[in-house]
Amino acid sequence: MPSTATLEAFIAAVESGEHAKAIEDYYTEGATMRENQAEPRRGRDVLVAHERAVLANTASVDSQCVRPVLVNGDHVVIRWIFDFTGKDGRRMHIEELAWQRWEGERIAQEEFFYDPAQMKPG
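Structure report, in brief.

Analysis parameters
Residues numbered from 1 in each chain as written. Predicted model: local features only at pLDDT ≥ 70, side-chain atom pairs only at ≥ 80, totals over all residues. Heavy atoms only, no water. Pairing = 2+ DSSP bridges. Helix = DSSP H or I, 4+ residues; strand = E, 2+ residues; numbered from the N terminus. Contact = heavy atoms within 4.5 Å. Axes fitted to C-alpha atoms, helices over the stretch in contact; angles between N-to-C directions.

Across 11 bridges, strand β3 (residues 58–72) lies against strand β4 (residues 75–86) in antiparallel orientation. Bridge pairing in β4 links S63 to F82. Hairpin geometry of β3 and β4 is characterised by an intervening segment of two residues between the two adjacent antiparallel strands and by a positive phi of about 65° at G73. Hairpin connection, β4 to strand β5 (residues 91–103): the antiparallel pair is bridged by four residues, and G89 has positive phi, about 90°.

The next thing to look at is the sheet that holds β3. Taken together, six strands build an open sheet; the order of strands is β2-β1-β6-β5-β4-β3 and the sheet is mixed. Strands at the two margins of the open sheet, each flanked by one partner only, are β2 (41–42) and β3. Examined bridge by bridge, β5 and strand β6 (residues 106–113) share seven bridges and lie antiparallel to one another. Following the sheet pairing, W99 is matched in β6 by E111. Sheet strands touched by helix α1 (residues 4–15): β1 (27–35), β3, β4, β5 and β6. Its angle to β3, the strand with the most contacts, is close to 160°. Across the sheet, helix α3 (residues 44–56) is in contact with β1, β2, β3 and β6; its angle to β1 comes to roughly 50°.

Below, the structure written as structure tokens:
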């Protein structure tokens, strides 16, 4: 179960735009991420590389945690809003729920739930 301080530090890292570093600092070595029931990505190094690849295609990302954050033992649910601006100037607004299973102070499993229709740049 994450401490309140760790959870708040994780959220602050994401909101500050340190997405890849947040994965390095707050995920277990064997962590998995999965989006909308797709095959999970496995291993922290893979997760970091994927995040860096996504960010390489963006000019900026504004990340906001919508509170409250729901915590029940080792399980945490965070509602996120992400506003992406691509290098081509196109924008994309995504709202998602992130379901996480923590092992102590690190995330071992994360699954994202969002409407894929949001992925179309506006």
